[in-house]
Amino acid sequence: AYLMPLAGGYIADRWWGNRRSILVGGAIMALGQFLMFLSARFYADPALSHPLLWTGLGVIIAGTGLFKANIASMVGSLYAPDDRRKDSAFTIFYMGINIGAFLAPLVAGGLGDTGRPEDFQWGFLSAAVGMAIGTLVFQFNKDRHIVDAEGRPLGLPPAERNHASADAGHDVPLQRDDYERIAVIFILSFFVVFFWAAFEQAGASLTIFADRQTDRSLLGWTVPASYFQSVNAVAIVVFAPVFAWLWGRLSRVNLDPSTPVKMSLGFFLLSIGYLVIAFGVKDVDPTTKVSMMWLVSLYLLHTFGELCLSPIGLSAVSKLSPPKFASLMMGVWYLSSAAANKLAGVLSSFYPEAGKPSPVLLGYEVTGLHQFFVIFVALSAAAAVVLFMLAKPIVKS
């Protein structure tokens, strides 16, 4: 899903434009979720269910490739290339995404995660319906809102662009400065691999931790482990406006940190989050369940780190990308997430299991949860320091 935006970005830049790519991508994703619904509906018949499962996943991946990079690059096209409001704009955009990320686990999990396998179908169907509604909302509102200052549509295919408009930059040959800016995108994308490798433990080892070693009792109710996935989204919705205001305020008084400095701060907050939970589980017996506040505190700190890195990175790609490759460069940015998710899976395999030999990572023995979480403290802190030291050379380039 994170590899395909590279192809989706190229298709948009070369042929379809943002609008058509987003619409087709949204429709394909809705179809993919409907195939997943059918797969879950016929789960008792593997001969039918398994082909539907793999087909559904493939269709979702294809739709994501067309949708993901192009929706982000379209946000960037609403502003002039060097508009200082872009960081705040992408932070607000990120807040909108996470309203959905908050609701999705509650709706899909509430309908499908009931303990009865036949109920999974309703979780997938809710995703299909939601994606279809979102695509229709875009279709009916794109000509009202996705326009330039003169009311001309943005995100059209190359053949339909008005070359007297701001889209004229799509035909300008690349200069040396453009190549340097592209190089900066690749450098930042490289660092982002390590951020998401640690952050995406939320969907792997941290969910296992929530399920097995977190006391999830709340007022006589056991909070489902999947619900902790919504903590990050809620925190983004709450705090994204604060960060958007902060970046805007700092920009107005010429104190706005550079993009690499903001991103290094994101790494630092990520490291502090893991330091908190490493402290919480230190010397705790493997059979003991710890307070959910340790996990909630981690997710809160990680949210602050994410707000310093992810929307800022999207904004940087929008600022640095040559117009003719705007969506393709967004695909490069998401390519780092693909590598990061693979690395996250590798690192999550070092999660200590009772009754199994302690895993060893580069000579470091992971004898318990404390040692496991220290891996991510060190990884994030090291990336924060290196990126901070490289901030001035990157900005000068």
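Keep in mind that this is a model prediction, so the values were computed, not measured. (Residues numbered from 1 in each chain as written. Predicted model: local features only at pLDDT ≥ 70, side-chain atom pairs only at ≥ 80, totals over all residues. Heavy atoms only, no water.)

Trainee: Quick question: what am I supposed to make of the overall build of the protein chain here?
Mentor: Helix and strand counts for the protein chain come out as eleven helices and six strands. At 22 Å, the protein chain has a C-alpha radius of gyration in line with the 21 Å of a compact globule built from 397 residues. Projected onto its principal axes, the C-alpha coordinates of the protein chain cover approximately 70 × 55 × 40 Å. By the burial criterion, 47% of the 397 residues in the protein chain qualify as buried. The long-range fraction of contacts in the protein chain, counting pairs at least 24 apart against all pairs at least 6 apart in sequence, stands at 78%. If you sum the accessible surface of the protein chain, you get close to 19100 Å²; carbon and sulfur atoms cover 68% of it. Once the 28 positive and 26 negative side-chain charges of the protein chain are each reduced to a mean point, those two points are 5 Å apart. (Helix = DSSP H or I, 4+ residues; strand = E, 2+ residues; numbered from the N terminus. Rg over C-alpha atoms; globule rule 2.2 N^0.38 Å. Buried < 20%, exposed > 50% of the residue type's maximum accessible area, 1.4 Å probe, protein only. Contact = heavy atoms within 4.5 Å. Areas by Shrake-Rupley, 256 points an atom, 1.4 Å probe, with all protein chains shown as cover. Lys, Arg positive; Asp, Glu negative; His and termini not counted. Charge placed at Lys NZ, Arg CZ, Asp CG, Glu CD.)

Trainee: Where do I start with helix α3 (residues 86–112) in this structure?
Mentor: Residues separated by three or four positions in an α-helix point in the same direction, a consequence of the helix having 3.6 residues per turn. Counted at 1.5 Å a residue, the expected span for α3 with its 27 residues is 39 Å, and the 38 Å between its end C-alpha atoms agrees. Where α3 bends most, the angle comes to about 30°, and this point is Leu103, followed within four residues by the proline Pro105. (Expected span 1.5 Å × (residues − 1). Bend = angle between axes of the 7 residues up to and from the residue.)

Trainee: Mind showing me how you'd approach the confidence of the model for the protein chain here?
Mentor: Parts of the model with low pLDDT should not have their predicted coordinates read in detail. Across the protein chain, the average pLDDT comes to 89, with 97% of residues at 70 or higher. Put simply, strand β3 (residues 221–222) is where the protein chain has its lowest mean pLDDT, 84, and helix α8 (residues 259–281) is where it has its highest, 95. (pLDDT = per-residue confidence, 0-100.)

Trainee: Honestly, helix α1 (residues 5–41) in this entry has me stumped. Any pointers?
Mentor: Across its 37 residues, α1 extends only 30 Å between first and last C-alpha, which sits more than 12% below the 54 Å expected from 1.5 Å per residue. The largest bend in α1 amounts to roughly 115° and is located at Trp16.

Trainee: Honestly, the packing of α1 against helix α10 (residues 326–348) in this entry has me stumped. Any pointers?
Mentor: Contact pair α1 / α10: the axes reach a minimum separation of 7 Å and the direction vectors enclose 170°. The angle between the axes of α1 and α10 places the two elements in the roughly antiparallel class. When α1 is examined against α10, the residues Pro5, Leu6, Gly9, Tyr10, Ala12, Asp13 and Asn18 are found in contact with a partner set consisting of Ala326, Ser327, Leu328, Gly331, Val332, Tyr334 and Leu335. A breakdown of the residues in the contact of α1 with α10 according to their chemical character gives nine nonpolar, four polar and one charged. (Axes fitted to C-alpha atoms, helices over the stretch in contact; angles between N-to-C directions. Parallel < 35°, antiparallel > 145°, perpendicular 65-115°, else oblique. Nonpolar A, V, L, I, M, F, W, Y, C, P; charged D, E, K, R; others polar.)

Trainee: Which parts of the structure should I look at to understand unusual backbone geometry?
Mentor: Both trends apply: most residues other than glycine have a negative phi, and most peptide bonds are in trans. Not every positive phi belongs to a glycine, and Leu219 is a case in point at roughly 55°. Position of Leu219 among the secondary structure elements: in the loop between β2 (217–218) and β3. For Asn254, which is not a glycine, the phi torsion comes out positive at approximately 60°.

Trainee: What is the right way to read the pattern of salt bridges from this model?
Mentor: Pairs can form between side chains of opposite charge whenever their charged atoms are close. Under the defined criterion, the tally for this structure stands at twelve salt bridges. Here Arg19 ties to Asp143 by a salt bridge, and the two come within 2.8 Å at their closest N and O atoms. Separated by 124 residues along the polypeptide, Arg19 in helix α1 and Asp143 in helix α4 (residues 120–145) bring together distant segments of the chain. The closest approach of N and O atoms between Asp119 and Arg116, which form a salt bridge, is 2.5 Å. (Salt bridge = Lys/Arg side-chain N within 4 Å of Asp/Glu carboxyl O.)

Trainee: Help me understand the nonpolar core, please; the structure alone is not making it clear to me.
Mentor: Generally speaking, a soluble globular protein has its nonpolar side chains buried in company with each other. Of all hydrophobic cores here, the largest spans 73 residues; its most connected members are Phe209, Tyr274, Leu314 and Phe373. Top contributing element to this core by residue count: helix α9 (residues 292–320), with 13 residues. If we ignore the near neighbours within four places in the chain, the residues touching Phe373 are Leu206, Phe209, Tyr274, Ile277, Ala278 and Val281. (Core = buried A, V, L, I, M, F, W, Y, C linked by side-chain atoms within 4.5 Å.)

Trainee: Would you explain the packing of aromatic side chains in this entry?
Mentor: Aromatic ring pairs are described here by two measures, namely the spacing of the ring centres and the angle between the planes. Tallying each qualifying case throughout the model produces 21 aromatic pairs. Here the aromatic rings of Trp196 and Phe199 are separated by 5.1 Å at their centres, their planes lie at 90°, and the arrangement is edge-to-face. On the criterion of helical spacing, the pair formed by Trp196 and Phe199 is a turn pair, its members being three residues apart in helix α5 (residues 176–199). Given the relative accessible area of 9%, Phe199 is considered buried. Pairwise contacts between aromatic rings join Phe209, Tyr274, Tyr351, Phe372, Phe373 and Phe376 into one cluster. In this structure, Lys262 is placed above the aromatic ring of Trp247, and the distance from its NZ or CZ to the ring centre is 4.3 Å. (Phe/Tyr/Trp six-rings, centres within 6.5 Å; stacked < 30°, edge-to-face > 60°. Lys NZ or Arg CZ within 6 Å of the ring centre and 35° of its normal.)

Trainee: Any chance you could explain the side chain of Ser39 here in plain terms?
Mentor: Topologically, Ser39 is positioned in helix α1. Overall, the relative accessible area of 6% leaves Ser39 in the buried class. Setting aside chain neighbours within four positions, we find Ser39 in contact with Ser49, Leu52 and Leu53.

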